[in-house]
Amino acid sequence: MPRRRRVSANDDSTRACSKRARTTVVSSRKSSKLASHHSPLSAFSSKQCITWFHEYTNADEDVIGPEGMEKFCEDIGVEPENIVMLVLAWKLDAKQMGFFTLPEWLKGFSEILCDSVEKVQGKLEYLRSILNDPVQFKSIYRYAFDFARDKDQRSMDIDTAKAMLTLLLGRQWVLYSCFHQFLEQSKYRVINKDQWCNILEFSRTILPDLSNYDVDGAWPVILDEFVDWLKTRQQLHIEVAQM
Amino acid sequence: MSLNNNFLQTLNQAWNDHQTSMVMIRDILMYMDRVYVQQNNVDNVYNLGLMIFRDQVLHHGQIKDHLQQTLLDMVMCERKGEVVDRGAVKNACQMLMVLGIDSRTVYEEDFERPFLHQSAEFFRLESQKFLGENSASVYIKKVEARINEEAERAAHYLDKSTVNPIIGVVEKELICKHMKTIVEMENSGVIHMLKNHKTEDLACMYKLLKRVDGGLEAMSQCVSSYLREQGKALVTESEDVDTKNPINYVQNLLDLKDRFDHFLHESFGDDMKFKQVISSDFEYFLNLNLKSPEYLSLFIDDKLKKGVKGLTEQEVELVLDKTMVLFRFLQEKDVFERYYKQHLAKRLLLNKSVSDDSEKNMISKLKTECGCQFTSKLEGMFKDMTVSNTTMEEFKNHIQAMGSNLSGVDLYVRVLTTGFWPTQASSPKCTIPTTPRQAFEIFKRFYLAKHSGRQLTLQPQLGSADLNATFFGSKKEDGATSTLNKTSSGPRKHIIQVSTYQMCILMLFNQRDKLSYEEIQTETDIGEKDLIRMLQSLALGKLTQRILVKEPKCKEIEPTHIFSVNDQFTSKLHRVKIQAVVAKGESDPERKETRCKVDEDRKHEIEAAIVRIMKARKRMQHNVLVTEVTQQLKSRFLPSPVIIKKRIEGLIEREYLARTPEDRKVYTYVA
């Protein structure tokens, strides 16, 4: 099968990546015993994966920190805020945003059979496509809460919440920008897990005109307040329009 | 007129003749009647005769119409007040009834239906006339008279079966169609009657409106809106002084209840619907004012204190029972409980209760209403009082044995168990003078030796002291500033009864003659608000209460003002009790604090209820849960669905509950 070149986000970085890939190829040829050409088609090697892991760690540590994470993102040509990174983290089942431990790295990448930058780049489309599956998306969305929150707290602080929600729902939920505004003017400082999960449910079941919103729907109070706020605003807009 | 009479007479005569003849004919043809008629199922002779009479005579040409018109005219005449030949009408009606053979159709068609129609028209006009007189009570009496008249007429000389239909017509035309107008008539309707205590008129109206569908409904609605208006006026905060005075506030409400209970019994015949309406109205406006629970407690407090003016024991009992009726209408019973506890504590500690029995009586009334949970802590307070008595006995024996006399201090200590009594955030500070303080220390040692592991904290905001006071000045003579040599009365001794704070203040004057406010504050360490109150009652009260004097002699107290002992003090009494300047009820900041505490407690109660219910049922839908929780708590307070929802969310967060994955509206209990 011909070697397929994957289009990445940034063409310049692609060149840089392929350079590194070639370097990696060269070095691994020397080190690996198995015949691995390290084309996108070569078999997955745990050992290779682990070696690759250490390119991003400090000294003998078994965890990639924020610095290494930045480098990793650069290598694969994806911005750290890109939603694909979240999907990747979910694949790895990473516990803490900004960090990958070795077990996480190994587990996640062996699942998608990646032990090099190129292979990852090859998988980016696939990772992105996972978001289109509602069931998987829900899983990623829920995962995002625990992933992004401060581990000392049970709840996620409002600014992180706004950022994560923008990332996850910004494009697909019509009412998102309204909800964002609502959060800005509200007195909420944190979002808890129940609220978080229900926001997704709300975005999926309630129509933009709120016509099927039921007061007895056991929605968390924050969403009841959002509806009230929105309705008041809509009413004002109507009144203004009628003037 | 005579023609009509003759007509009826003639007709009646013909009828009688016919009947007589028919009897004879029937007798002659008896065999045929019994055999042929039965076998062939045909009409018998007599009935045949009736039918012939009916068709050939009665319904002949103009006779039918003429008969109808005659009868109707006669009724109309009688209604107008003329005298008519009732017998003739009666005969005619009876004839019609008989001619219907086995039914009343002839009577109905020939007479009754047109009669009812004409009557309806007549009464319609009459109703306008009556209404024109613009008095509801007069109208009612007239209607009642008309009903009686029509009933009597129908019973006497129409057919008895017409009684109900004609009354129905009267009711419809005179009552039904004008219900609202009568009820709401200005200056004579229900409201006027209620305002002016027209019990009998109301009773008449009640009786009248009871006859028709929707009559009582119209009346009760009117009563309800009037009652709500009156009640609302009593509870709404306004320039009206009475809403600030809790005793009057409650008394006014009790009076209003009495008024309406009177109406209920005397005018509305204890009608259940009216009773319900009145109750729901009271519940409505009583809870409009959030201070009702506090005021109700203060009212009861007033009645349980010594010196209840001018009421016998039975009267007090009666008033308290009536107060319990109001209590039942309170939605925020938990707020009442909090205040009742506070007020009871004050009564017990300041020794203001009339008697233990009356207190316990009241508590058992509350227990009947609210169950044991309400009253168990209150009973704990009484226990503390009894135990303290015993402890003091033992203490007295103890110091006797010790041979001490506490430097002349006659000490009485009451030990309060923290859980039972209303708590302060923290005990206020106060520097106790040496002698009493030392006496207390001795008691403290004695007590803690008996109950190791306990802690005793003195509560200076409570308690009182009796001080021996000697005033050296000469009596101030009123009026003449003469220099007459009055026999000097010498130094005067009194016993003054003061609060703990006041004791601390006064004893400073044993060391110094003059003290500024600032100095007093520094020495006693008493909080500003309390200190000012204490000094006001010592220095700025009535002359017979003025133990201290202040320079300058104004009402305000500034830090630099100087206090000294009023050596001119006189009183007829040897033992003088200094009244503290006490506000009835809480100040607004205090009220806010109490409200906060209540809200905190409610959060816990709601959560406890949710957990209790979910633990038992394991799974529950949101709406059902909210309803159950409200139901469980409604004897204490009314939680709103939003608040319950917030608590559910809190419990989800703390992982007591979870939403089921299949249906986010259903919760499960997390073991």
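Keep in mind that what you see is a predicted model, and the values were worked out from it rather than measured.

(A) Main features of helix 23 (residues 517-524) of chain B. All names here are of chain B. Within the span of helix 23, buried status applies to Tyr517, Ile520 and Thr524. Seen from one end, helix 23 has its buried residues packed into an arc of 60 degrees, which puts them on one side. A positive phi of about 65 degrees marks Asp525, the residue just after helix 23.

(B) Up close: the packing of aromatic side chains. By the definition in use, this model includes 48 aromatic pairs over all chains. Taking the centre distance of 4.9 Å and the plane angle of 90 degrees together, the rings of A:Phe179 and A:Phe226 count as edge-to-face. Of this pair, A:Phe179 sits in helix 9 (residues 176-185) while A:Phe226 sits in helix 11 (residues 221-242); the two residues are 47 residues apart in sequence, bridging distant segments of the chain. Taken as a pair, A:Phe179 and A:Phe226 share a single burial class, namely buried. Seen in terms of ring centroids, B:Phe122 and B:Phe123 are 5.1 Å apart; in terms of plane orientation they differ by 70 degrees. Their pairing is edge-to-face. Of the residues examined, B:Phe123 reaches a relative accessible area of 0% and is grouped as buried. Aromatic ring contacts, followed pair by pair, group A:Trp173, A:Tyr176, A:Phe179, A:Phe182, A:Phe202, A:Tyr213, A:Trp219, A:Phe226 and A:Trp229 into a single cluster. In this structure, B:Arg228 packs its charged tip against the face of B:Tyr284, placed 4.2 Å from the ring centre. Note that B:Arg347 overlies the ring of B:Tyr340, its terminal NZ or CZ placed 5.5 Å from the centroid.

(C) Examining the sheet that holds strand 6 (residues 575-577) of chain B more closely. Residues and elements named next belong to chain B. Taken together, the three strands give an open sheet; going across it, the order is 1-2-6, and neighbouring strands pair in mixed fashion. Every interior strand has two partners, whereas the edge strands, strand 1 (464-471) and strand 6, have only one. Averaged over neighbouring strand pairs, the angle between their axes works out to 30 degrees when direction is ignored. Bridge count for strand 2 (residues 492-499) against strand 6 is three bridges, and the pairing is parallel.

(D) Spotlight on the sheet that holds strand 5 (residues 562-565) of chain B. Residues and elements named next belong to chain B. Within the open sheet, the three strands sit side by side as 3-5-4. Their pairing is antiparallel. Because the sheet does not close on itself, it has two edges, and the strands there are strand 3 (514-516) and strand 4 (548-551). Across the sheet, the mean angle separating the axes of adjacent strands is 30 degrees when strand polarity is ignored. With four bridges connecting them, strand 4 and strand 5 associate as antiparallel partners.

(E) Region of the structure containing the interface of chain A and chain B. The partner chain B presents 14 residues to the 17 residues of chain A that form the contact. Roughly 1,300 Å² of surface becomes buried between chain A and chain B when both sides are summed, with 41% attributable to carbon and sulfur atoms. Along the contact surface separating chain A from chain B lie three salt bridges. Residues A:Asp214 and B:Lys665 are paired through a salt bridge, measuring 3.4 Å at the closest nitrogen-oxygen approach. Viewed at the interface, chain B and chain A are joined by 12 residue pairs in polar contact (both at pLDDT 80 or more). At the level of elements, helix 10 (193-205) and helix 11 of chain A are the ones that each hand at least two residues to the side of chain A that touches chain B.

(F) Spatial organisation of a nonpolar patch on the surface. Residue and element names in this part refer to chain B. Taken together, Met24, Ile25, Ile28, Leu29, Met32, Tyr36 and Val42 make up a surface patch of nonpolar side chains, about 660 Å² in accessible area. A per-element tally of the nonpolar patch places helix 1 (residues 2-28) first, with three residues. Residue placement: Leu29 occurs in the loop between helix 1 and helix 2 (30-34).

(G) Up close: the environment of B:Lys429. Residue and element names in this part refer to chain B. By the element assignment, Lys429 lies in the loop between helix 20 (372-402) and helix 21 (434-450). Each C-alpha atom, one on Lys429 and one on Val387, is 26 Å from the other, the two residues being 42 residues apart in sequence. If we ignore the near neighbours within four places in the chain, the residues touching Lys429 are Pro460, Tyr501, Asp525 and Ile526.

(H) Looking closely at the nonpolar core. Among the nonpolar cores identified, the biggest contains 117 residues, and B:Leu67, B:Met205 and B:Tyr340 are the most heavily contacted of them. Among the elements that line this core, the one with the most residues is helix 7 (residues 105-132) of chain B, at 10 residues. Aside from chain neighbours lying at most four places away, what touches B:Tyr340 is B:Ser297, B:Ile300, B:Leu304, B:Arg347, B:Glu359, B:Met362, B:Ile363, B:Leu366 and B:Leu378. A:Phe72, A:Phe100, A:Leu102 and A:Val117 belong to the second-largest nonpolar core, a separate cluster that totals 72 residues.

(I) View of the state of the cysteines. Summed over all chains, the structure comprises zero disulfides over all chains. B:Cys222 supplies the cysteine sulfur nearest to B:Cys176, a cysteine that is in no disulfide, at a spacing of 17 Å.

(J) Expanded view of the environment of B:Asp302. Residues and elements named next belong to chain B. As for its placement among the helices and strands, Asp302 is situated in helix 16 (residues 292-304). Taking C-alpha positions, Asp302 is 9.7 Å from His343, a pair spaced 41 residues apart along the chain. Polar side-chain contacts of Asp302 include one of 3.2 Å to the side chain of Lys303.

(K) Representation of the confidence of the model for chain A in the model. With 83% of its residues at a pLDDT of 70 or more, chain A shows a mean pLDDT of 81. Residue range residues 1-37 of chain A is modelled with pLDDT below 50. Its contacts to residues more than four positions away, or to other chains, number 30 contacts.

(L) Geometry of the side chain of B:Asp301. Tracing the chain through its elements places B:Asp301 in helix 16. Not counting residues up to four positions away in its chain, the partners in contact with B:Asp301 are B:His343 and B:Arg347.

(M) Focus on the side chain of B:Ser499. Along the polypeptide, B:Ser499 turns up in strand 2. Not counting residues within four places of it along the chain, the set of residues in contact with B:Ser499 comprises B:Gly463, B:Ser464 and B:Met534.

(N) Inspection of helix 24 (residues 528-539) of chain B at higher detail. All names here are of chain B. Taking 1.5 Å per residue, 12 residues should reach 16 Å; helix 24 reaches 16 Å between its end C-alpha atoms and fits that length. Those residues of helix 24 that fall on the buried side of the exposure criterion are Leu531, Met534, Leu535, Ser537, Leu538 and Ala539. Buried-residue contacts for helix 24 involve strand 2, helix 22 (500-507), helix 23, strand 4 and strand 5.

(O) Just the pairing of strand 1 of chain B, in detail. All names here are of chain B. The alternating pattern of strand 1 places Ala465, Leu467, Ala469 and Phe471 on a buried face, while none of Ser464, Asp466, Asn468 and Thr470, on the opposite face, is buried. With eight bridges joining them, strand 1 and strand 2 adopt antiparallel strand pairing. By the bridge assignment for strand 2, Ser464 is matched with Ser499.

(P) Geometry of the pattern of salt bridges. Residues and elements named next belong to chain B. Evaluated as defined, the whole model comprises 66 salt bridges over all chains. As a salt-bridge pair, Lys180 and Glu184 come within 3.6 Å of each other at their nearest N and O atoms. Here Lys180 falls in the exposed class, since its relative accessible area comes to 56%. With a relative accessible area of 47%, Glu184 lands in the partly exposed category. Where Asp258 meets Lys322, a salt bridge forms, and the shortest distance between an N and an O atom there is 3.1 Å. In this pair, Asp258 is assigned in helix 14 (residues 246-266) and Lys322 in helix 17 (residues 313-329), connecting sequence segments 64 residues apart. The partly exposed category is assigned to Asp258, whose relative accessible area is 30%. Several salt bridges converge on common partners, so that one network encompasses Glu78, Arg79, Arg86, Glu126, Arg146, Glu149, Glu150, Glu152 and Arg153.

Definitions and cut-offs
Residues numbered from 1 in each chain as written. Chains lettered and ligands numbered in written order. Predicted model: local features only at pLDDT ≥ 70, side-chain atom pairs only at ≥ 80, totals over all residues. Heavy atoms only, no water. Buried < 20%, exposed > 50% of the residue type's maximum accessible area, 1.4 Å probe, protein only. Helix = DSSP H or I, 4+ residues; strand = E, 2+ residues; numbered from the N terminus. Arc of directions from axis to C-beta. Phe/Tyr/Trp six-rings, centres within 6.5 Å; stacked < 30°, edge-to-face > 60°. Lys NZ or Arg CZ within 6 Å of the ring centre and 35° of its normal. Pairing = 2+ DSSP bridges. Axes fitted to C-alpha atoms, helices over the stretch in contact; angles between N-to-C directions. Contact = heavy atoms within 4.5 Å. Buried area = accessible area lost by both parts, 1.4 Å probe. Salt bridge = Lys/Arg side-chain N within 4 Å of Asp/Glu carboxyl O. Polar contact = N/O pair within 3.5 Å; in protein donor to acceptor, adjacent residues only side chain to side chain. Patch = residues over 30% accessible without salt bridge, like charges linked within 9 Å, V, L, I, M, F, W, Y side chains within 5 Å. Areas by Shrake-Rupley, 256 points an atom, 1.4 Å probe, with all protein chains shown as cover. Core = buried A, V, L, I, M, F, W, Y, C linked by side-chain atoms within 4.5 Å. Disulfide = S-S within 2.5 Å. pLDDT = per-residue confidence, 0-100. Expected span 1.5 Å × (residues − 1).

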